Amino acid sequence: MPEANTLHVHRLDGRDVAAVARWDAFAAACPSATFFHRAGWERILREVFRHDTHYLFASDASGIRGVLPLAHVQSRLFGRSLSSLPFAAYGGVAALDTEAEAALVMRAEQLARELGVEHLELRNTERRHPEWPVQDLYVTFRKPIEPTEEANMLAIPRKQRAMVRKGIKNGLVATVDPDVDTFFALYADNVHRHGTPALSKRYFRALREVFGDDCEVFTVRSAEGQPLSSVVSFYWRDEVLPYYAGDDFAARELAANDFKYWELLRRACARGLKVFDYGRSKVGTGPYAFKKNWGFEPTPLHYEYRLLTRDAIPQNNPANPKYRLMIATWRRLPLPVANWLGPHIVRHLG
């Protein structure tokens, strides 16, 4: 008979309500877990993106000691991978001890070989495997929320603070939306202008359905009621994470973008939240500069790769020069065509 404290690695059945509840209870209590370690992502990846999911957990007689959410992405254009986690800023192992972490990574490597993927990717916030190649493209921006509205306003650098006050002077109004329709119209138009494919409206509806009030749609409108800027935010413990955003072309002139994030910050302060997580950005991009201008300092993200059948880290992102022609072509597509075609492409990127 095995010892009571023997550690085993299992695969979560995302349709087992009780098992999902146990996973989520562990994630909520584990210090290294993030919003992206919630089991609801398994359902979204499986139902919306049609990826095979391998949500691994290490447990013994005392219960779960670590989790590792994984998705198997297969694409003729972008290759085959096992990733933790597509469409997530953060991922990798969330565990209570090094034994559970090692067991989960070992099983992930075995699984990657069994599936015949080109690489295993773990989106860690800290360096875990110095011997693995690391992608240094992304950083994250996190900052404590000050205890008062006035202190939060004063913490914004002068130039951006002036933009916030410009938005207030322009009579902008921010509200929580009951659905994703207004957000999606702004988001899809925004990414189309940048030459990148949009995620599907179905995906955003699924986020609201799966995560409920922990996934909020927040929209800024002009004094006349015109939608200008919108953001989908996630709430996790005492943190708010604005994650997907879209802006009308007129938003910049009216300072709607700055006003939007100020209102989100102000309301988070009123709720007693402690951390404003501006999310990840690519180094050297406009969003990177915008967040720096708000007084947030970048922290490198350590996306580590276990290369199996490839020689280098994949560069499947708009910063890769080989996609310049594709981006220019995408901008010329009619928006309805881009919205129809985009989800078929972006599901393989993540």
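Residues numbered from 1 in each chain as written. Predicted model: local features only at pLDDT ≥ 70, side-chain atom pairs only at ≥ 80, totals over all residues. Heavy atoms only, no water.

Visitor: Can you break down the domain arrangement of the protein residue by residue, with the values?
Guide: If you check the domain split of the protein, you get domain 1 (8-137 + 302-314) and domain 2 (146-273). Centre-to-centre, using C-alpha coordinates, domain 1 lies 29 Å away from domain 2. At the interface, 20 residues of domain 1 touch 17 residues of domain 2. Of the roughly 1,600 Å² buried at the junction of domain 1 and domain 2 (both faces included), carbon and sulfur atoms supply 67%. In this structure, the connection of domain 1 to domain 2 is made through two salt bridges. Among the salt bridges present, the one from Arg 38 reaches Asp 214, with a minimum N-O distance of 2.9 Å. Where domain 1 meets domain 2, there are nine residue pairs in polar contact (both at pLDDT 80 or more). Counting residues per element, the side of domain 1 that touches domain 2 draws most heavily on helix α2 (residues 40-47), at five residues. Of the residues in the side of domain 1 that touches domain 2, the class split is 15 nonpolar, two polar and three charged. (Domains from an automatic or database assignment. Contact = heavy atoms within 4.5 Å. Buried area = accessible area lost by both parts, 1.4 Å probe. Salt bridge = Lys/Arg side-chain N within 4 Å of Asp/Glu carboxyl O. Polar contact = N/O pair within 3.5 Å; in protein donor to acceptor, adjacent residues only side chain to side chain. Helix = DSSP H or I, 4+ residues; strand = E, 2+ residues; numbered from the N terminus. Nonpolar A, V, L, I, M, F, W, Y, C, P; charged D, E, K, R; others polar.)

Visitor: So what's going on with the sheet that holds strand β13 (residues 275-282)? Residues and values would help.
Guide: Sheet strands line up and pair through hydrogen bonds in the backbone, either parallel or antiparallel. Sheet architecture is open: seven strands sit in the order β9-β10-β11-β12-β13-β8-β14, paired in mixed fashion. Strands with a single pairing partner mark the edges of an open sheet, and in this sheet they are β9 (173-177) and β14 (298-300). Each neighbouring strand pair of the sheet contributes to a mean axis angle of 30°, computed without reference to strand direction. Sheet topology places strand β10 (residues 215-221) next to strand β11 (residues 227-236); seven bridges connect them, and they run antiparallel. (Pairing = 2+ DSSP bridges. Axes fitted to C-alpha atoms, helices over the stretch in contact; angles between N-to-C directions.)

Visitor: Summarise the packing of aromatic side chains; cite the residues concerned and give the values.
Guide: The geometry of an aromatic ring pair comes down to the distance between the two centres and the angle between the two planes. This structure, assessed with the given rule, holds 36 aromatic pairs. Aromatic pair Phe 36 and Tyr 90: ring centres 6.0 Å apart, planes at 75°, arrangement edge-to-face. Within this pair, whereas Phe 36 is found in the loop between α1 (17-29) and α2, its partner Tyr 90 is found in the loop between β4 (79-84) and β5 (94-95), the two being separated by 54 residues in sequence. For Phe 36, a relative accessible area of 1% puts it in the buried group. Positioned above the aromatic ring of Phe 296 is the side chain of Lys 143, whose terminal nitrogen or guanidinium carbon lies 5.4 Å from the ring centre. The positively charged end of Arg 280 is found above the aromatic ring belonging to Tyr 138, 4.1 Å away from the centroid. (Phe/Tyr/Trp six-rings, centres within 6.5 Å; stacked < 30°, edge-to-face > 60°. Buried < 20%, exposed > 50% of the residue type's maximum accessible area, 1.4 Å probe, protein only. Lys NZ or Arg CZ within 6 Å of the ring centre and 35° of its normal.)

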